[in-house]
Protein chains: 2
Amino acid sequence: MTAMTTRDHIVAAANQLFYRQGYEHTSFADIAGAVQISRGNFYYHFRTKDEILDAVIGARMAETQAMLDGWEAESESPADRIRSFIKILIANRTDIKRFGCPVGTLTTELAKLNHPSQAGATELFSLFRTWLSTQFRALGCEKDADRFAMHVLARSQGVATLASAFGDEKFIRREVGEMCDWLATTTAAAASIEQEKD
Amino acid sequence: MTAMTTRDHIVAAANQLFYRQGYEHTSFADIAGAVQISRGNFYYHFRTKDEILDAVIGARMAETQAMLDGWEAESESPADRIRSFIKILIANRTDIKRFGCPVGTLTTELAKLNHPSQAGATELFSLFRTWLSTQFRALGCEKDADRFAMHVLARSQGVATLASAFGDEKFIRREVGEMCDWLATTTAAAASIEQEKD
DNA sequence: CCGAAATTAGGACATACGTCCTATTTCAGA
DNA sequence: TCTGAAATAGGACGTATGTCCTAATTTCGG
């Protein structure tokens, strides 16, 4: 664990504030206040708001990649890995209930702002998408891998949005259970079809 | 069709702008410009931004209720009605690809702003939720009606979010198809279970 | 046709925010 | 210890925005 530079602190604070309050609704002063540095010092590290946003997206990319690598190392079975993904909804349920999904809400906001970093935010989705695809492919769902990946992503997004709207935690748990059921039946079916080919 | 008052024009313009640009990112000047009236005139009709938001939410509630009533009148079968709901994703695909779901994105934004009208936006979801519940109940899914309603809502939300992120229209059509399949198999199963009770 | 009420116009004002600049402090390397 | 670069502080500036006020114009019942 390397020491946290001021820049790192800024990015960490901005990351959290962008998630909780949204990008546009978060001001320089908000972030500087959270890090307890002056606005001048802030400007020394980031000259524009867009630069901070790009740094935050970069940090999230790294975090996400690390998480995916972690699951890759922890579990032997691709199905277990996919379940790890699905269960983030439960692990982060408290934040999700209040602020929704960090990725989904950011891409949505940037789309409305027509912000240049839209593509960067979408890359966060792509990171999950390709990783999930890989897992489904490892399960023998060669042809449907990307379709299944998008399906899982979409359902997770929907759960996060509605859980946030209704503040309903039971709903999260129920849908997570149903997604795991879907995973079991769908991949079992796909695997048996693959076997028929032999 | 009654004549459109200035107030109606304002609400209509605000409704569209809030959807496309987001609530916070839309200014008084934006709306006044769209309706081509002066800011002073604007202020005569709405004294604060929150008032416009409430009016917009009210208008959306009325629109939504009218749409649901329309489906109720058009279709005899509850399954057809639910399919009408699912297929809004296709009917509105162009807007959804660019701006996401009007209800989901609004509730998400208001949640981050911690805005007083959060509850009002959630009511829009509730309108769909209770209506869907009613349809599922009419299909014989007494016990699971609300669960199914939330499930359909969540999947629609997820599809809208991802379709917007990736600008993918084929994905919308595919997921709509799968949701219709789900509807057919799930309600058939539920109905047969109900029959066993007799 | 008149006068009061409703409506519209356009500017005033305070605040907040992103951006920029300069002065001061910290600190590593010579 | 000296020096120059990195880092920090705090204020300046222009613009945008929400809100408010007053004057002009339109509408419409009597």
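Everything discussed here concerns the structure shown above.
Because the structure is predicted, anything quoted here is derived from the model rather than measured.

A. Spotlight on helix 2 (residues 28-35) of chain B. Residues and elements named next belong to chain B. Residues Ile31, Ala32 and Val35 constitute the buried set of helix 2. An end-on view of helix 2 places all buried positions within 100° of arc, on one side of the element. Looking at the buried positions of helix 2, the neighbouring elements they touch are helix 1 (6-21), helix 3 (39-45) and helix 4 (49-74). Gln36, located one to two residues past helix 2, shows a positive phi value of around 60°.

B. Region of interest: the protein's contact with DNA strand D. Around DNA strand D, the structure places 15 residues, and the nearest of them are Ser38, Gly40, Asn41 and Tyr44 of chain A together with Phe28 of chain B. Those atoms of DNA strand D that come within 4 Å of the protein belong to sugar or phosphate at a rate of 64%. Arg39 of chain A places a polar side-chain atom, nitrogen or oxygen, 3.2 Å from a base nitrogen of DNA strand D. At a separation of 2.9 Å, a sugar or linking oxygen of DNA strand D approaches a polar side-chain atom of Asn41 of chain A. At the level of elements, helix 3 (39-45) of chain A together with helix 3 of chain B are the ones that each hand at least two residues to the surface near DNA strand D. For the surface near DNA strand D, the element with the most residues is helix 3 of chain A, which contributes five residues. Of the residues in the surface near DNA strand D, the class split is four nonpolar, eight polar and three charged.

C. Region of interest: the protein's contact with DNA strand C. By nearness alone, 16 residues border DNA strand C, and Phe28 of chain A together with Ser38, Gly40, Tyr44 and His45 of chain B come closest of all. In DNA strand C, atoms within 4 Å of the protein come from the sugar-phosphate backbone in 60% of cases. Note that a phosphate oxygen of DNA strand C is positioned 2.9 Å from one of the backbone N or O atoms of Lys49 of chain A. Within the residue set of the surface near DNA strand C, elements represented by two or more residues are helix 3 of chain A together with helix 3 of chain B.

D. Focus on the nonpolar core. Counting 103 residues, the largest nonpolar core has Ile31, Phe85 and Phe136 of chain A together with Phe85 and Phe136 of chain B as the members making the most contacts within it. Aside from chain neighbours lying at most four places away, what touches Phe136 of chain A is Ile82, Cys141, Ala145, Phe148, Ala149, Val152, Trp182, Leu183 and Thr187 of chain A. Ile10, Tyr23, Ile37 and Ile57 of chain B belong to the second largest nonpolar core, which has 22 residues in total.

E. The interface of chain A and chain B, seen in detail. Counting residues at the interface gives 37 residues for chain A and 37 residues for chain B. Counting across the chain A and chain B interface gives two salt bridges. At the boundary of chain A and chain B, one finds 10 residue pairs in polar contact (both at pLDDT 80 or more). For the side of chain A that touches chain B, the elements supplying multiple residues, two or more each, are helix 1 (6-21), helix 7 (93-99), helix 8 (102-113), helix 9 (118-138), helix 10 (145-166) and helix 11 (169-196) of chain A. For the side of chain A that touches chain B, the element with the most residues is helix 10 of chain A, which contributes 14 residues. Taken together, the residues that form the side of chain A that touches chain B break down as 14 nonpolar, 13 polar and 10 charged.

F. Broad picture of the relation of the copies chain A and chain B. Mapping chain A onto chain B calls for a rotation angle of 180° and an axial translation of 0.0 Å; the resulting RMSD is 0.0 Å. Such values leave the two copies arranged in the relation of a two-fold axis. Across chain A, the smallest distance between a C-alpha and the rotation axis is recorded for Gly158 of chain A, namely 2.0 Å.

G. Focus on the pattern of salt bridges. Inspection of the entire model under this criterion finds 20 salt bridges over all chains. Here Arg83 of chain B makes a salt bridge to Asp80 of chain B, at a shortest N to O gap of 3.0 Å. Of this pair, Arg83 of chain B and Asp80 of chain B are both found in helix 5 (residues 78-86), three residues apart, which corresponds to roughly one turn of the helix. Judged by its relative accessible area of 23%, Arg83 of chain B is partly exposed. Across the salt bridge formed by Glu169 of chain B and Lys97 of chain B, the nearest N and O atoms sit 3.4 Å from each other. On the criterion of sequence distance, the pair formed by Glu169 of chain B in helix 11 (residues 169-196) and Lys97 of chain B in helix 7 (residues 93-99) is long-range, its members being 72 residues apart. Relative accessible area serves as the criterion here: at 27%, Lys97 of chain B is assigned to the partly exposed category. In the salt-bridge network here, residues are joined through shared partners; they are Arg93, Lys97, Glu169 and Arg173 of chain A.

H. Broad picture of the packing of aromatic side chains. All names here are of chain A. Here the structure, examined in full by the defined rule, presents 20 aromatic pairs over all chains. Considering the side-chain rings of Phe85 and Phe128, the 5.4 Å spacing of their centres and the 55° angle between planes classify their relative orientation as tilted. Placement of Phe85 in helix 5 (residues 78-86) and of Phe128 in helix 9 is noted, with a sequence separation of 43 residues between them. The same class applies to Phe85 as to Phe128, namely buried. Ring-pair connections join several aromatic residues into one group, and the members of that group are Phe28, Phe42 and Phe46. Across from the ring centre of Tyr23, 4.7 Å away, lies the NZ or CZ of Lys49, which sits over that ring.

I. Inspection of the packing of helix 9 (residues 118-138) of chain B against helix 10 (residues 145-166) of chain B at higher detail. Residues and elements named next belong to chain B. Where helix 9 contacts helix 10, the two axes come as close as 8 Å, and the packing angle between them is 130°. Here helix 9 lies oblique to helix 10, going by the angle between them. Two packed elements cross with a definite hand, and for helix 9 against helix 10 that hand is right-handed. Residues Phe125, Phe128, Arg129, Leu132, Ser133, Phe136 and Arg137 of helix 9 pack against Ala145, Asp146, Phe148, Ala149, Met150, Val152, Leu153 and Gln157 of helix 10. Of the residues contributing to the contact of helix 9 with helix 10, the split by class is 10 nonpolar, two polar and three charged.

What counts as what
Residues numbered from 1 in each chain as written. Chains lettered and ligands numbered in written order. Predicted model: local features only at pLDDT ≥ 70, side-chain atom pairs only at ≥ 80, totals over all residues. Heavy atoms only, no water. Buried < 20%, exposed > 50% of the residue type's maximum accessible area, 1.4 Å probe, protein only. Helix = DSSP H or I, 4+ residues; strand = E, 2+ residues; numbered from the N terminus. Arc of directions from axis to C-beta. Contact = heavy atoms within 4.5 Å. Near = heavy atom within 4 Å. Polar contact = N/O pair within 3.5 Å; in protein donor to acceptor, adjacent residues only side chain to side chain. Nonpolar A, V, L, I, M, F, W, Y, C, P; charged D, E, K, R; others polar. Core = buried A, V, L, I, M, F, W, Y, C linked by side-chain atoms within 4.5 Å. Salt bridge = Lys/Arg side-chain N within 4 Å of Asp/Glu carboxyl O. Least-squares fit on C-alpha atoms with pLDDT ≥ 70 in both. Phe/Tyr/Trp six-rings, centres within 6.5 Å; stacked < 30°, edge-to-face > 60°. Lys NZ or Arg CZ within 6 Å of the ring centre and 35° of its normal. Axes fitted to C-alpha atoms, helices over the stretch in contact; angles between N-to-C directions. Parallel < 35°, antiparallel > 145°, perpendicular 65-115°, else oblique. Left-handed = near helix turned anticlockwise from the far one by under 90°.

On their own, these measurements won't tell you what the molecule is for.
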